[in-house]
Amino acid sequence: MLPDGLRCQRLGNKLAKLIGAKCGEVVVTDSTSVNLFKVLAAALRVQQGHSPHRRVIVSERRNFPTDLYMVQGLIDQLHAHGTCLPALPMVTGKKNSMTH
């Protein structure tokens, strides 16, 4: 079996022929949510080993709701006993569409 990176490139090269792109210009990957799940799972495992008392993930308020549900599900799955909180908007002195 090919490593994920090579498989993504190989599939991308096949798709490139169909859409008129050059070899090496197309990559086939998982969805953003799946990739977010993978990177957060790895980060949480590392974090639990180093600082198990840190239990809050801060997320951009405008993230897709499904991504936020996935984060909370990942916390539950890893028994991290944590929570996902929306980040507060930054104060810049200018009117911010998120706060006004």
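For the structure, see preceding data.
Residues numbered from 1 in each chain as written. Predicted model: local features only at pLDDT ≥ 70, side-chain atom pairs only at ≥ 80, totals over all residues. Heavy atoms only, no water.

**Describing the overall build of the chain**
Counting secondary structure elements, the chain contains 3 helices and 2 strands. In the chain, the succession of α and β elements from N to C terminus is α-α-β-α-β. Taken over 100 residues, the chain has a buried fraction of 19%. Of the contacts formed within the chain by residues at least 6 apart in sequence, a portion of 52% connects residues at least 24 apart. Total accessible area computed for the chain in this model is approximately 7,900 Å², and 61% of it derives from carbon and sulfur atoms. (Helix = DSSP H or I, 4+ residues; strand = E, 2+ residues; numbered from the N terminus. Buried < 20%, exposed > 50% of the residue type's maximum accessible area, 1.4 Å probe, protein only. Contact = heavy atoms within 4.5 Å. Areas by Shrake-Rupley, 256 points an atom, 1.4 Å probe, with all protein chains shown as cover.)

**So, the environment of L40**
Here L40 shows up in helix α2 (residues 32-50). Put simply, L40 and I57 are 17 residues apart on the chain and 9.6 Å apart in space, counted from C-alpha to C-alpha. In this structure L40 touches M70, V71 and L74, once residues within four positions along its chain are discounted.

**Concerning the nonpolar core**
Ranked by size, the top nonpolar core spans 9 residues in total: L40, A41, L44, I57, M70, V71, L74, I75 and L78. Within the residue set of this core, elements represented by two or more residues are α2 and α3 (65-77). For this core, the element with the most residues is α3, which contributes 4 residues. Once you skip the residues sitting within four places of it in the chain, L74 turns out to touch F37, L40, A41 and L44. (Core = buried A, V, L, I, M, F, W, Y, C linked by side-chain atoms within 4.5 Å.)

**A few points about the packing of α2 against α3**
Angle between the axes and distance between the axes are the two parameters that describe a pair of packed helices. Orientation of α2 relative to α3, taken along the N-to-C sense of each, is 35°, at an axis distance of 10 Å. Pair α2 / α3 crosses with right-handed handedness. Residues S33, L36, F37, L40, A41 and L44 of α2 form the contact with α3, whose own contacting residues are D67, M70, V71, L74, I75 and Q77. Among the residues making up the contact of α2 with α3, the classes are represented as 9 nonpolar, 2 polar and 1 charged. (Axes fitted to C-alpha atoms, helices over the stretch in contact; angles between N-to-C directions. Left-handed = near helix turned anticlockwise from the far one by under 90°. Nonpolar A, V, L, I, M, F, W, Y, C, P; charged D, E, K, R; others polar.)

**Focus: α3**
For α3, built from 13 residues, the straight-helix expectation of 18 Å at 1.5 Å per residue is met to within 8% by its first-to-last C-alpha distance of 18 Å. Every buried residue of α3 is accounted for by D67, M70, V71, L74 and I75. For α3, the angular spread of buried residues about the axis comes to 140°, placing them on one side. Opposite the packed face of α3, turned more than 90 degrees from it, sit the exposed residues T66 and Y69. (Expected span 1.5 Å × (residues − 1). Arc of directions from axis to C-beta.)

**Here's the deal with α2**
With 19 residues, α2 should reach 27 Å at 1.5 Å per residue; the first-to-last C-alpha distance of 27 Å fits that figure. For α2, the full list of buried residues reads L40, A41 and L44. The arc enclosing the buried residues of α2, seen along the axis, measures out at 110°, which places them on a common side. Within α2, the exposed residues directed more than 90 degrees away from the buried face are T32, V39, R45, G49 and H50. Buried residues along α2 sit against β1 (56-59) and α3.

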